[in-house]
Amino acid sequence: MLEEQTRYSRLAHITKLINSKLQLREVLEQVTLAISEEIVQCDSVGIYLPQADGQFRGYVGKPEVINGITLDMHVIDMDYDLLAKEVIQTKKTIYIPDTSKDKRPDPRAVEGFKIKSLLVLPITYEDELFGLVYLFDYGITMDLTEDEIQTVEAYVNMAGVAVRNATNLTRKENLIAEKQLLLDLTRDLSMCSTMQEVLDKCFHYVGRVLNNFNTGVHLLDPMAGMKIKPANLSRESDWTEEEWIKTHGDDQIDQTNDAVLQEVVRTKRPLLIPDVFADKRPNHDVCKKFGVKGMLMLPLVATGEVLGALVVPELEKSRMSFPSADIQLAQSIADATASTLSNLLYMEKQEMIIEERTSEIRIKNNELERVVSELENLSRERELILNSAGEGIFGLDLEGNITFCNPASETMLGYEKGELIGKPSSIIFEREKDSAAKAVYPEVNQKFYKKDQTSFSVEYVISLIKEGDKVLGEVITFKDITERKHLEEEIKHLAYYDSLTELPNRVLLNDKINQELNGLLGTGKKLALLYLDLDRFKLVNDSLGHSYGDVLLREVAKRLITSVPDKAIVSRQGGDEFTIVLPGIFCELDVLTVVEQVIDSFAKPFSLKGNEVYVKTSIGISVYPEDGETAEALIKNADAAMYRSKEKSGTHYHFFETEMSNRNMESIKLENALYKALDNDELVIYYQPQIDSKSNEIIGVEALLRWIHPSEGIVSPADFIPIAEETGLIIPIGEWVLKNACKQLKVWQEQGHTTLCMSVNLSGLQFEEDNLVVMVRELLEEAGLAPEYLHIELTENQIIKNTKITMQKMKQLKDLGVKIAIDDFGTGYSSLGYLKDFPIDALKIDKSFIQDVVEDNDNAAITNTIITLAQNLNLNVIAEGVETAEQLEFLLSKNCTIMQGYFFSRPIKAEELERKYLSGHTDPK
């Protein structure tokens, strides 16, 4: 018991270190200390972190020195350490109790340190690998138990959190630093007046980013036939610019004969070649002359035109590598440089035109006047520059009193002209006593105080004023970064909140759920997650417009917020999906109370710009820890439960059950298999005969699709047709059915059954296709089938959806000669108006009326009415689902003679239908 308390105390201490944002090294040192004290048999604990080049290097551990080698000098060699390679690939802990029986560990380390047993663990967080932890002995086996390994894993998990936090913090800091660097670059470039100045700034910033100051630039040379030639070299390069240009000139290198330059000019993208001698594109002779081992090319592109390319060589390492973020930042520097160069080139061109039109004497006179004017007004220009500067500038004497300031300073600080002169700098800001010894770059969140004692965020620099070695005072240059800080806050808000509803988005939701789950550990409390999907939201968007849909989403967000407890978290997943997190609950009743409140909030209509709309919601519920222990699992399972609720109309809710997830997986498997079914010839057409009961002869057939799955057997159309509709596969499948049904009918007609007709069902998606009529005509022509023998069947619901378009397509089909029948008549909208308006040839009475037509008077009346209606409108009528002789007699008594159903035949294959109905037999049964 005492040992467990000690362990929990260590874990709590490490958690506290992580949350207090201390240095990563300090946290990981505590982790290694805890592991070594917990596992007393272990002689060494080492934590290895990944480097930019993909290697894992020692970071912290015990002992710090092994055989005279410090831990940070040790790099894991994946070519020898197959154990580390496996842990990285699987992200699973591996314990080897006896290294003599296992070939995976690095044999050199095993032999050198006399390692008998070895434990390697991955440092992960949310399935992302952050490092490796090694535990091993020196000659004495550790004999770790499963509990000890799990204890080590607990500490390693804490290391994963620490590394993840440090990584995220580093990424944010790098992003801010990158933005500031680009702002500084833009400012510096804006002050450049020559190409040399622009290129010097470019070389400087690229060198800072890539830590390589050997940068050179190849620019477009109009005098050399618009070829790209070597132009300038960084002043900090290891070569001289003259030597660099001469060597290139000796080898006559330009983009016409250099494959690397050709590719960069063509793609306009950066190109990294880690090893020039392992690549065919670079000029190996030139690389040898310069000692280049790797290179990075950055194109200079302005307004879509290539001005040249920056070349960054590697002279020391055998293989060049940069993080992709550094390459992207360097390319951003190149893009900004190219834009400035383009402007300068344009200006130079204009100046050349002016020079050509101006006499030499006038130019010399103007130049003389300019020089004289500069000499006379030098002090005035300095004053103008100081006054025109957008940044605040003021000077201090050795006592810290203000000696001068520019108008920008006075404006930003709220003082009148000259009012600050002679006042101490302490009224503006506080500084360290020894800060006068050198230029200081304080933190970005430094505050300056205005005259009214209000403060604002600044970024400032202190520079010394010297005359020789004597310090005369200081100059402070500062700028107001309040707007930038607001922008950073706005960017942060946009990253974590939904812009439409101002609710937390899915990124922030995951963080909040994980925080709540961590807080629930050991408390015995639960957490519930409600996943909501609005019913009929698509109808609102389609009928009223997306702006109305946006209003609805905002109103839903407001109602949800007012319907849940204060501690609940409401967020928007996207589209019309929302989530509610209920932390700290004890039982199902706590959840149902909130669910009822949410449902009640949807009882009143929503007012959308004067339009009242009733909208309901379907809710799925998952509960921690029963339905998942991570944010991802809880969201996924609540989503699955929500889809169960979607299956019922109105507002319903369901708690997650295991079979929901299983059913979703089965549906996904079925969908994937359906994508292959058509290509794998798994789809077949069965045919059900249509019989004229008066003559007892077959007059037509209905084509019915069947799917014979290679492992599941025959899959019911009720299972795969909805999937085909949802995925759009019904379009190619429907065309395949129509094409093969027409071909089959043509075969039968050529066998002598010339009056036989073929009925084919069309889905709603097929009927909405723009090329439907063209496709039907082409398939009929391809099969050589007369159009009047093809009967297309549509449901009532299909033809009522869009009456104008429906009427147009039906008339086009009729113009082809195709017959049109209404399938499942009586089960849809039951609007009789369309019967006289639409070009319909036949009605098919749904089998639901035929089943009980003898026993049920209502069904008998409906069936009789449909038959009478069809006869009065001169429409053919077909009865579906005829299964008994009594049903047959009833239909004949009502003068309905055309029928199909199991009484005559089930749907059968073409071969069986030929044998049974088309080979001379007259008995239809």
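Quick caveat: nothing in here was measured; it's all calculated off a predicted structure.

Peer 1: Mind showing me how you'd approach the overall build of the protein chain here?
Peer 2: For the protein chain, the count of helices and strands is 31 helices and 33 strands. Of the contacts formed within the protein chain by residues at least 6 apart in sequence, a portion of 59% connects residues at least 24 apart. Working note: accessible area of the protein chain is about 49,700 Å², and carbon and sulfur atoms make up 50% of it.

Peer 1: Explain the sheet that holds strand S13 (residues 392–396) here, please?
Peer 2: Each strand in a sheet pairs with its neighbour through backbone hydrogen bonds, running either in the same direction (parallel) or in the opposite one (antiparallel). Overall, antiparallel pairing links the five strands, which are arranged S14-S13-S17-S16-S15 in an open sheet. The sheet is open, and its two borders are formed by strand S14 (402–405) and strand S15 (446–449), each paired with just one other strand. Recorded for the sheet is a direction-independent mean angle of 40° between the axes of neighbouring strands. Sheet topology places strand S16 (residues 455–467) next to strand S17 (residues 470–480); ten bridges connect them, and they run antiparallel. Counterpart to Lys 466 in the pairing with S17 is Val 471.

Peer 1: Is there a simple way to think about the environment of Met 78 in this case?
Peer 2: Mapped onto the elements of the fold, Met 78 is located in the loop between strand S4 (69–70) and helix H3 (82–90). Residue classification places Met 78 among the partly exposed positions, given a relative accessible area of 23%. Distance from Met 78 to Phe 56, taken between C-alpha atoms, is 9.2 Å for residues 22 residues apart in sequence. Once residues lying within four places of it in the same chain are set aside, the contact partners of Met 78 are Phe 56, Ala 84, Lys 85 and Ile 88.

Peer 1: What is the right way to read empty space enclosed by the protein from this model?
Peer 2: One water molecule sets the probe size; rolling that probe over the atoms shows where empty space is left. Taken as a whole, this structure holds one cavity of 30 Å³ or more when the rule is applied. Empty space within the largest cavity amounts to approximately 270 Å³. For the largest cavity, the lining is made up of 20 residues, of which His 218, His 248, Val 286, Met 295 and Val 311 are closest to its centre. For the lining of the largest cavity, the secondary structure elements donating two or more residues are strand S8 (216–221), helix H7 (241–250), helix H8 (259–267), helix H9 (284–290), strand S11 (294–302) and strand S12 (305–314).

Peer 1: Explanation requested: the packing of helix H17 (residues 546–563) against helix H18 (residues 588–601) in the structure shown.
Peer 2: Each packed pair of helices is defined by two parameters, the angle between the axes and the distance between the axes. It is at 9 Å that the axes of H17 and H18 come closest, and there the two elements cross at 145°. By crossing handedness, the relation of H17 to H18 is classed as right-handed. Residue-level inspection shows Arg 559, Leu 560 and Ser 563 of H17 in contact with H18, the latter providing Val 594, Gln 597, Val 598 and Ser 601. Among the residues forming the contact of H17 with H18, the class breakdown is three nonpolar, three polar and one charged.

Peer 1: So what exactly am I meant to see when it comes to the sheet that holds strand S24 (residues 652–655) here?
Peer 2: Read across the sheet, five strands follow the order S19-S20-S18-S23-S24 without closing on themselves; strand pairing throughout is mixed. At either margin of the open sheet sits one strand with a lone partner, and together these are strand S19 (569–574) and S24. Strand-to-strand, the axes of this sheet are offset by a mean angle of 20°, without reference to chain direction. On the sheet, helix H19 (residues 631–646) packs against strand S18 (526–534), S19, strand S20 (577–585), strand S23 (617–624) and S24 and is oriented at approximately 145° with respect to S23.

Peer 1: Help me out: how do you make sense of the confidence of the model for the protein chain in this one?
Peer 2: Confidence in the prediction of the protein chain, expressed as mean pLDDT, is 81, and 84% of residues score 70 or more. Predicted confidence is poor over residues 436–441, with pLDDT under 50, and the contacts of this stretch with residues over four places away or in other chains come to twelve contacts. Below pLDDT 50 for its whole length, residues 921–925 participates in eleven contacts with residues either more than four positions away or in separate chains.

Peer 1: What exactly am I supposed to notice about the pattern of salt bridges here?
Peer 2: Inspection of the entire model under this criterion finds 24 salt bridges. Between Arg 104 and Glu 86 there is a salt bridge; the shortest N-O distance is 2.9 Å. Of this pair, Arg 104 sits in the loop between strand S5 (94–96) and helix H4 (107–113) while Glu 86 sits in helix H3; the two residues are 18 residues apart in sequence, bridging distant segments of the chain. Of the residues examined, Glu 86 reaches a relative accessible area of 28% and is grouped as partly exposed. Ionic pairing is found between Glu 419 and Lys 451, a salt bridge with its closest N-O pair at 2.7 Å. Pair noted here: Glu 419 is in the loop between helix H13 (407–413) and S15 and Lys 451 is in the loop between S15 and S16, with a separation of 32 residues, a long-range link. Here Glu 419 falls in the partly exposed class, since its relative accessible area comes to 23%. Each of Asp 184, Arg 187, Asp 188 and Glu 391 takes part in a single network of salt bridges with overlapping partners.

Peer 1: Which parts of the structure should I look at to understand the packing of aromatic side chains?
Peer 2: The geometry of an aromatic ring pair comes down to the distance between the two centres and the angle between the two planes. If you walk through the whole model with that rule in mind, you get ten aromatic pairs. Considering the side-chain rings of Phe 448 and Tyr 460, the 5.3 Å spacing of their centres and the 40° angle between planes classify their relative orientation as tilted. With a gap of twelve residues between them, Phe 448 in strand S15 and Tyr 460 in strand S16 connect regions that are remote in the sequence. Taking 5.3 Å as the distance between ring centres and 75° as the angle between the ring planes, the aromatic pair formed by Tyr 687 and Trp 748 counts as edge-to-face. You can see Tyr 687 sitting in strand S25 (residues 683–692) and its partner Trp 748 sitting in helix H22 (residues 730–750), a full 61 residues away along the chain. Trp 748 carries the same exposure label as Tyr 687, and that label is buried. Clustering of aromatic rings is evident, with ring pairs tying together Phe 394, Phe 429, Phe 448, Tyr 460 and Phe 478. Its guanidinium or amino end placed over the ring of Phe 767, Lys 809 lies 5.9 Å from that ring's centre, counting from NZ or CZ.

Parameters and conventions
Residues numbered from 1 in each chain as written. Predicted model: local features only at pLDDT ≥ 70, side-chain atom pairs only at ≥ 80, totals over all residues. Heavy atoms only, no water. Helix = DSSP H or I, 4+ residues; strand = E, 2+ residues; numbered from the N terminus. Contact = heavy atoms within 4.5 Å. Areas by Shrake-Rupley, 256 points an atom, 1.4 Å probe, with all protein chains shown as cover. Pairing = 2+ DSSP bridges. Axes fitted to C-alpha atoms, helices over the stretch in contact; angles between N-to-C directions. Buried < 20%, exposed > 50% of the residue type's maximum accessible area, 1.4 Å probe, protein only. 1 Å grid on protein atoms, 1.4 Å probe; cavity = no way out; pocket = protein on both sides within 12 Å on 5 of 7 lines; lining within 4 Å. Points joined across faces, edges and corners; volume = space filled by probe spheres on them. Left-handed = near helix turned anticlockwise from the far one by under 90°. Nonpolar A, V, L, I, M, F, W, Y, C, P; charged D, E, K, R; others polar. pLDDT = per-residue confidence, 0-100. Salt bridge = Lys/Arg side-chain N within 4 Å of Asp/Glu carboxyl O. Phe/Tyr/Trp six-rings, centres within 6.5 Å; stacked < 30°, edge-to-face > 60°. Lys NZ or Arg CZ within 6 Å of the ring centre and 35° of its normal.

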